[in-house]
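Secondary and tertiary structure notes
For reference, the chains in residue letters:
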Amino acid sequence: MKKSNLLALALTAAAASAFGSGFSLFQGDTTGCADAAGSIAKGGRAGDLYYNPATLSAVTGTVVQAGSFFTRPHLKIEGVDPYTGVRHRAAGKKEWFAIPHLYVASQVADNLWAGVGLFSRMGLGDKFPDGWFGRYNSTRVDIAAYDVVPTLAWRATDWLTVGAGVTLQYLDIVLEQDIDAAGVAGLRPYNAPTPGSPLDVRQHIQGRDELAVGWDLGVMVEPTERLHIGLAYHSQVEVNAKGHARYDVPAPVRAAYPAFFGDTKITGGIDEPDYWMGAVVYDFTDRLSLGVNVTRTGWSSWDELLIEQEKPFLPGHGTLRSVKDWDDVWRFSVGGSYKLDENWTALASFTWDDSPINRKHADYLVPADTREIYALGLSWEDGPWAIDGMYFFEKINDCSFGGRPQEGVFEGKYTGGFSHAFAFSASYRF
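Computed from a predicted model, the values in this text were never measured in an experiment.

1. Comments concerning the overall build of the protein chain
The number of helices and strands found in the protein chain is five helices and 21 strands. Taken over C-alpha atoms, the radius of gyration comes to 23 Å for the protein chain, in line with the 22 Å a tight globule of 430 residues would show. In terms of overall dimensions, the protein chain has C-alpha extents of about 75 × 40 × 35 Å along its principal axes. Taking all 430 residues of the protein chain together, 56% fall into the buried category. The contacts of the protein chain with a sequence gap of at least 6 include a subset with a gap of at least 24, amounting to 72%. Working note: accessible area of the protein chain is about 17,200 Å², and carbon and sulfur atoms make up 59% of it.

Next up, the structure:
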């Protein structure tokens, strides 16, 4: 059985993400956000090791790069009350999320490069107002993965470079949601979306894995002076999370059921997806380069949600299970760069990003449909300094899904999803 866990529970909560398929992140480097094909097949920045460790061979000297990606997703959610037929509407709070990165890379021998990256390949965040109709599924989720990836690249020949890295990941999760104590007691329809009940119990979950391990491999092939080919593989990362749950219990519920809703430890695990990334770039002139990128994300690693509680918060609820059956998905992009003069370079791309979510089991996790991403970038280089900036607009397609009131999910749809995003980074070569 494939693993799923506390992380999975947290992920059932969020309703908006501007990052990538599922809760993957592809925003580890500013120029890579604007032209992923160039970062995979050609390189040029220390941060390109995020996509392909072999691109370290494009670095000269010792380079330090720092920056961040900023996004503000927006998504509306509609749901139909199965008991009254009333249609409800809600939206997550509009907040800016930051995804920072830091890289150091150096040529340590004629044909050998070493580097290390600090970044995130997994992340999700959202918060809903108290009393919203999906509160029995989620009111808040924050998931952050912090990766440290030491990397080596070796130029085997003039036209072939190979690279490898080790991923050391720290994962932190915070989740809040309500439990319908009145519905459990039979005092009203279970998980009725409205009105809010004064007997609702607020559940707080926090979990972490302080060390999960994965690995990266990459090759960069340059069969001619103008043709660049890159291929990279990023392995699954097996997460084994430990955490705890605590409950804010209204006085009447505590008085009636003093043995229920006690604080408890929670454990579980998940195999994060693996990634295959491939790109081809051709330099049509000394100024113009165009490329294509294909990425496969192995989200079939998540087939169900499974959470083990040391002390059940209700009798018979020691193990929580929910089917997910996510699919492997593809991400396609076309883009390029144009050198405006000796200092300035413009970048642009279009990306089509599929969703892994099985609509039969959709919930308030992430928008369950494809995304279209339009990106523009601008880079400046002068001597040892390089500064990069990027903007993208992401459109999230509308999606309808069925209801499962027992899980706090109601028949409805995601609609009006979009995100504005910016990224900035600066590099200095010693």
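2. What about the pairing of strand S21 (residues 412-429)?
Strand residues, when the strand is regular, have side chains that alternate between the two faces of the sheet. In terms of strand pairing, strand S1 (residues 62-80) meets S21 through 16 bridges, oriented antiparallel. Bridge pairing in S21 links Ser68 to Phe424. Where strand S19 (residues 385-396) meets S21, 12 bridges bridge the pair, whose relative direction is antiparallel. For Met390, the partnering residue across the bridge sits in S21 and is Ala423. For strand S20 (residues 399-401) and S21, the ladder comprises three bridges, and the chain directions are antiparallel. Across the sheet, Phe401 pairs through a bridge with Gly412, a residue of S21.

3. Overview of a nonpolar patch on the surface
Judged by side-chain polarity, Val64, Leu102, Val104, Leu118, Val148, Val166, Leu168, Leu211, Val213 and Phe430 come together as a nonpolar surface patch covering roughly 800 Å² of accessible area. Sorting the residues of the nonpolar patch by element identifies strand S3 (97-109), strand S7 (160-179) and strand S8 (201-221) as the ones contributing at least two each. Looking at the secondary structure, you find Phe430 in the segment after S21.

4. Some details on the confidence of the model for the protein chain
In this model, the protein chain carries an average pLDDT of 87, and 91% of its residues clear a pLDDT of 70 or more. Mean pLDDT values for the elements of the protein chain range from 35 in helix H1 (residues 6-11) up to 98 in strand S9 (residues 227-234). Contacts of residues 1-19 to residues separated by more than four positions or lying in other chains number 118 contacts, the stretch itself having pLDDT below 50.

5. Thoughts on the nonpolar core
The biggest cluster of nonpolar side chains holds 78 residues, and the ones touching the most others in it are Phe23, Phe69, Val201, Tyr247, Phe261, Tyr364 and Met390. Counting residues per element, this core draws most heavily on strand S6 (residues 140-155), which supplies five residues. Dropping the residues within four chain positions of it, Tyr247 is found in contact with Ile179, Val201, Arg202, Gln203, Arg254, Phe261, Gly262, Asp263, Gln309 and Phe313.

6. Brief notes about the pattern of salt bridges
Under the defined criterion, the tally for this structure stands at 20 salt bridges. The shortest N-O distance in the salt bridge between Glu176 and Arg202 comes to 3.5 Å. Of this pair, Glu176 sits in strand S7 while Arg202 sits in strand S8; the two residues are 26 residues apart in sequence, bridging distant segments of the chain. Accessibility expressed as a relative area gives 15% for Glu176, which makes it buried. The residue Glu394 makes a salt bridge to Arg371 at a minimum N-O spacing of 3.7 Å. Remark: Arg371 occurs in strand S18 (residues 371-382) and Glu394 occurs in strand S19; sequence separation between them is 23 residues. We note that Glu394, like Arg371, is buried.

7. What to know about the packing of aromatic side chains
Throughout the structure, instances matching the rule amount to 24 aromatic pairs. Where Tyr233 meets Trp276, the ring centres are 4.6 Å apart and the plane angle is 50°; that geometry is what we call tilted. Placement of Tyr233 in strand S9 and of Trp276 in strand S12 (residues 275-283) is noted, with a sequence separation of 43 residues between them. Note on Tyr233: relative accessible area 14%, which makes it buried. Residue class for Trp276 comes out partly exposed when judged on its relative accessible area of 40%. A cation over an aromatic ring shows up here: Arg121 above the ring of Tyr50, its NZ or CZ 4.9 Å from the ring centre.

Thresholds, definitions, all that
Residues numbered from 1 in each chain as written. Predicted model: local features only at pLDDT ≥ 70, side-chain atom pairs only at ≥ 80, totals over all residues. Heavy atoms only, no water. Helix = DSSP H or I, 4+ residues; strand = E, 2+ residues; numbered from the N terminus. Rg over C-alpha atoms; globule rule 2.2 N^0.38 Å. Buried < 20%, exposed > 50% of the residue type's maximum accessible area, 1.4 Å probe, protein only. Contact = heavy atoms within 4.5 Å. Areas by Shrake-Rupley, 256 points an atom, 1.4 Å probe, with all protein chains shown as cover. Pairing = 2+ DSSP bridges. Patch = residues over 30% accessible without salt bridge, like charges linked within 9 Å, V, L, I, M, F, W, Y side chains within 5 Å. Salt bridge = Lys/Arg side-chain N within 4 Å of Asp/Glu carboxyl O. pLDDT = per-residue confidence, 0-100. Core = buried A, V, L, I, M, F, W, Y, C linked by side-chain atoms within 4.5 Å. Phe/Tyr/Trp six-rings, centres within 6.5 Å; stacked < 30°, edge-to-face > 60°. Lys NZ or Arg CZ within 6 Å of the ring centre and 35° of its normal.

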